[in-house]
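Residues per chain are reported as follows:
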Amino acid sequence: MYARIVALDLVAGAEMHLKRGSVEQACATWHRAFDHMGGVRSVRTRKAVSRMRSDLARFRARGLRCVAELDERGRDFLARV
């Protein structure tokens, strides 16, 4: 349960970075959240990852590497859980 709480707190932080326009910082924070999601199986983490992919969709067309890497990590995560 602790890993899920930490991961979801980091997701909230990443969402705040994105709302402030700091895409690179948001990506770095989401990666840290993923690091804590290993082995976590919960509806809330799945929803958070799906929301992250949706939030980043508008940045994919810009070709930002951090967004592409994060999207791939999210896709892999959702395929496993």
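A quick note: this is a predicted structure, and the numbers were derived from the prediction, not measured. (Residues numbered from 1 in each chain as written. Predicted model: local features only at pLDDT ≥ 70, side-chain atom pairs only at ≥ 80, totals over all residues. Heavy atoms only, no water.)

1. Observations concerning the overall build of the chain
Defined as follows: The helix count covers DSSP runs of H or I at least four residues long, the strand count covers runs of E at least two residues long, and both are numbered beginning at the N terminus. Restricting the calculation to C-alpha atoms gives the radius of gyration, and the globule rule supplies 2.2 Å times the number of residues raised to the power 0.38. With a 1.4 Å probe rolled over the protein chains alone, any residue whose accessible area is under 20% of its type maximum counts as buried; one over 50% counts as exposed, and the rest are partly exposed. The contact rule is simple, with two residues in contact once any of their heavy atoms fall within 4.5 Å. Positive charges are assigned to Lys and Arg, negative charges to Asp and Glu, while His and the chain termini are left out of the count. A charge is said to be at NZ when it belongs to Lys, at CZ for Arg, at CG for Asp and at CD for Glu.
Looking only at helices and strands, one finds four helices and zero strands in the chain. Computed over its C-alpha atoms, the radius of gyration of the chain comes to 12 Å, within 12% of the 12 Å expected for a compact globule of 81 residues. The principal-axis extent of the C-alpha atoms belonging to the chain is close to 35 × 25 × 15 Å. Taken over 81 residues, the chain has a buried fraction of 40%. Sequence-distant contacts in the chain: of pairs separated by 6 or more residues, those separated by 24 or more amount to 65%. Averaged over its 17 positive side-chain charges, the chain has a centre that lies 5 Å from the centre of its 9 negative ones.

2. Side note on the environment of Ala 26
Mapped onto the elements, Ala 26 comes out in helix α2 (residues 23-37). For Ala 26 and Arg 75, which are 49 residues apart along the polypeptide, the C-alpha to C-alpha distance reads 17 Å. With residues up to four places along the chain from it excluded, the contact list for Ala 26 reads Ala 14, His 17 and Leu 18.

3. Digging into the side chain of Asp 71
Locating Asp 71 in the fold gives a position in helix α4 (residues 65-80). Its relative accessible area of 7% is what places Asp 71 among the buried residues. Among residues more than four places away in sequence, those in contact with Asp 71 are Arg 53 and Arg 60.

The values reported here are purely geometric and, on their own, carry no functional implication.
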